[in-house]
Amino acid sequence: NGHLGLDDMITVRNDQILDDSLVFEYGGRQASLYELMVWMIVNSDNTSTNVLFEMLGYDAMNSYFKKMGLECTSAGRKMLDFEAVKQGRNNYISPVDFYSCMRYLYDNRDDRYNSAALSILSRNRDCGSLCRYLYDDMKVMHKTGGLDDIAHDGGIFVTDRGTYFLGVFVSGFEPGPEMCKEAEKLMGRISRRVYEDRERLKKPVQGI
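Residues numbered from 1 in each chain as written. Predicted model: local features only at pLDDT ≥ 70, side-chain atom pairs only at ≥ 80, totals over all residues. Heavy atoms only, no water.

(A) The arrangement of the packing of helix H5 (residues 95–107) against helix H6 (residues 112–121) in detail. Taken N-terminus to C-terminus, the directions of H5 and H6 make an angle of 120 degrees; their axes are 8 Å apart at the nearest point. Between H5 and H6, the angle falls in the class oblique. Relative to H6, H5 is oriented so that their crossing is left-handed. Residues Met-102, Tyr-104, Leu-105 and Tyr-106 of H5 pack against Asn-114, Ala-117, Leu-118 and Leu-121 of H6. Here the contact of H5 with H6 is composed, by residue class, of seven nonpolar, one polar and no charged. (Axes fitted to C-alpha atoms, helices over the stretch in contact; angles between N-to-C directions. Helix = DSSP H or I, 4+ residues; strand = E, 2+ residues; numbered from the N terminus. Parallel < 35°, antiparallel > 145°, perpendicular 65-115°, else oblique. Left-handed = near helix turned anticlockwise from the far one by under 90°. Contact = heavy atoms within 4.5 Å. Nonpolar A, V, L, I, M, F, W, Y, C, P; charged D, E, K, R; others polar.)

Okay, here's the thing in structure tokens:
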């Protein structure tokens, strides 16, 4: 709504820093809104996400989700707040809503904020799922995520033969790191198959 700028500075307090944060492992400090957005996406930094959640508030976020037409997306808790989960508060998104978000960003990429968002997504450092077995030079704007029994990755792939969206969401497997790794490998195989099939079409692929 124009109340904040990407360069606005935000205080990250020591009591907000989670044990899994690499970005703030030396303690609290000032960080720009843009920096927090970057770490939230490229490192999946839960501390940055929680600071932004606290600053924006659930009501404002959920109101915006509805305005965007996202029917299955809602925010109800901070990252790693499993006590909130026990109380029935959680965060939700559907594959269709995820696609709608990415489609909106890409179709309106001339907007400076959407362009910034796509740039951040293209710098995601977690390439162990959809990008796992892709070796060709391409631009991928994607976001990974998961919990003990959920793993997903989705985004926009820009190749020499066209642009496409792919999202793979895996759930219901036995909780634990071993099965999470298998889910990531499965997503990688699906992504490689989709890319190779599109290459075999011998014609430009349809845009998203």
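(B) Structural detail: the packing of aromatic side chains. Following the criterion strictly, the structure yields five aromatic pairs and no others. Judged by centre distance (6.1 Å) and plane angle (85 degrees), the ring pair of Phe-53 and Tyr-58 falls under edge-to-face. When the centroid spacing of 6.3 Å and the interplanar angle of 45 degrees are considered together, the rings of Phe-98 and Phe-165 count as tilted. Remark: Phe-165 occurs in strand E5 (residues 162–171) and Phe-98 occurs in helix H5; sequence separation between them is 67 residues. Judged by its relative accessible area of 10%, Phe-98 is buried. Sitting over the face of the ring of Tyr-106, Arg-109 holds its NZ or CZ atom 4.0 Å from the ring centroid. The side chain of Arg-112 reaches across the aromatic face of Tyr-113, ending 4.7 Å from its centre. (Phe/Tyr/Trp six-rings, centres within 6.5 Å; stacked < 30°, edge-to-face > 60°. Buried < 20%, exposed > 50% of the residue type's maximum accessible area, 1.4 Å probe, protein only. Lys NZ or Arg CZ within 6 Å of the ring centre and 35° of its normal.)

(C) Spotlight on the pattern of salt bridges. Summed over all chains, the structure comprises nine salt bridges. Arg-13 is the salt-bridge partner of Asp-15, the closest N and O atoms lying 2.9 Å from each other. Looking at Arg-13, the relative accessible area reads 35%, which means it is partly exposed. For Arg-193, the salt bridge is made with Asp-197, and the minimal N-O distance between the two is 3.2 Å. Note that Arg-193 and Asp-197 are positioned in helix H7 (residues 177–199) at a spacing of four residues, about one turn of the helix. Given a relative accessible area of 32%, Asp-197 falls into the partly exposed group. One network of salt bridges, in which partners are shared, links Arg-13, Asp-15, Glu-54 and Lys-78. (Salt bridge = Lys/Arg side-chain N within 4 Å of Asp/Glu carboxyl O.)

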